[in-house]
Amino acid sequence: MSQSTTKTYSAEFKERAVKLAVESEQSIAQTARELGVNENTLHTWIGTYHRTERQEQEVHDEHLYEELKRLRKENARLKEEREILKKAAAYFAQQRP
């Protein structure tokens, strides 16, 4: 009976392999052969990397959306305060003898 052995790769190795495969001029299959990794495994790593990248982008976008909401609310408050100050200044300007 033959037992299949599963190779484990460090996160750093996977990250470097994905970067090499994506940025390289050669095919993913060629990169996988040079690294001694199964082509499907490298494709899986690339998919995982891009999925993680999209999730990070979504979190970043959500943060920007929340900041935009906060800034719009603050802007509305400041405009209201400015209008009140304008009216107060006009009122006190009329009160001067």
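Moving on to the side chain of Thr31. Its location among the elements puts Thr31 in helix 2 (residues 28–35). According to the relative accessible area criterion, Thr31 is buried, its value standing at 0%.

The interhelical angle for the contact between helix 2 and helix 3 (residues 39–95), taken along N-to-C directions, is 110 degrees, at an axis separation of 9 Å. It follows from the interaxial angle that helix 2 and helix 3 lie roughly perpendicular. Handedness of the helix 2/helix 3 crossing: right-handed. Packed against helix 2, whose contacting residues are Ile28, Ala29, Thr31 and Ala32, the element helix 3 presents Glu39, Leu42, His43 and Ile46 at the interface.

Counted according to the given criterion, the structure contains four aromatic pairs. An angle of 15 degrees between the planes, with centres 5.1 Å apart, marks the rings of Tyr9 and Phe13 as stacked. On the basis of relative accessibility, which here comes to 24%, the residue Tyr9 falls in the partly exposed class. Plain terms: the ring middles of Tyr91 and Phe92 are 5.4 Å apart, the flat faces sit at 70 degrees to each other, and that makes the pair edge-to-face.

This part is about the nonpolar core. Ala17, Val18, Ala21, Ala32, Val37, Leu42, Trp45 and Ile46 together form the largest nonpolar core, which totals eight residues. When residues of this core are traced back to their parent elements, those giving at least two are helix 1 (11–23) and helix 3. Apart from the residues lying within four places of it in its own chain, the contact partners of Ala32 are Val37, Asn38, Glu39 and Leu42.

A water-sized probe, rolled over the atoms, reveals where empty space remains. Estimated volume of the largest pocket: approximately 210 Å³. If you trace the largest pocket, you find it lined by Ala11, Lys14, Glu15, Val18, Trp45, Thr48, Tyr49, Thr52, Glu53 and Glu56. For the lining of the largest pocket, the element with the highest residue contribution is helix 3, accounting for six residues. Its residues placed into classes, the lining of the largest pocket shows four nonpolar, two polar and four charged.

Rules used throughout
- Residues numbered from 1 in each chain as written.
- Predicted model: local features only at pLDDT ≥ 70, side-chain atom pairs only at ≥ 80, totals over all residues.
- Heavy atoms only, no water.
- Helix = DSSP H or I, 4+ residues; strand = E, 2+ residues; numbered from the N terminus.
- Buried < 20%, exposed > 50% of the residue type's maximum accessible area, 1.4 Å probe, protein only.
- Axes fitted to C-alpha atoms, helices over the stretch in contact; angles between N-to-C directions.
- Parallel < 35°, antiparallel > 145°, perpendicular 65-115°, else oblique.
- Left-handed = near helix turned anticlockwise from the far one by under 90°.
- Contact = heavy atoms within 4.5 Å.
- Phe/Tyr/Trp six-rings, centres within 6.5 Å; stacked < 30°, edge-to-face > 60°.
- Core = buried A, V, L, I, M, F, W, Y, C linked by side-chain atoms within 4.5 Å.
- 1 Å grid on protein atoms, 1.4 Å probe; cavity = no way out; pocket = protein on both sides within 12 Å on 5 of 7 lines; lining within 4 Å.
- Points joined across faces, edges and corners; volume = space filled by probe spheres on them.
- Nonpolar A, V, L, I, M, F, W, Y, C, P; charged D, E, K, R; others polar.

Shape is all these values report; function is a separate question.
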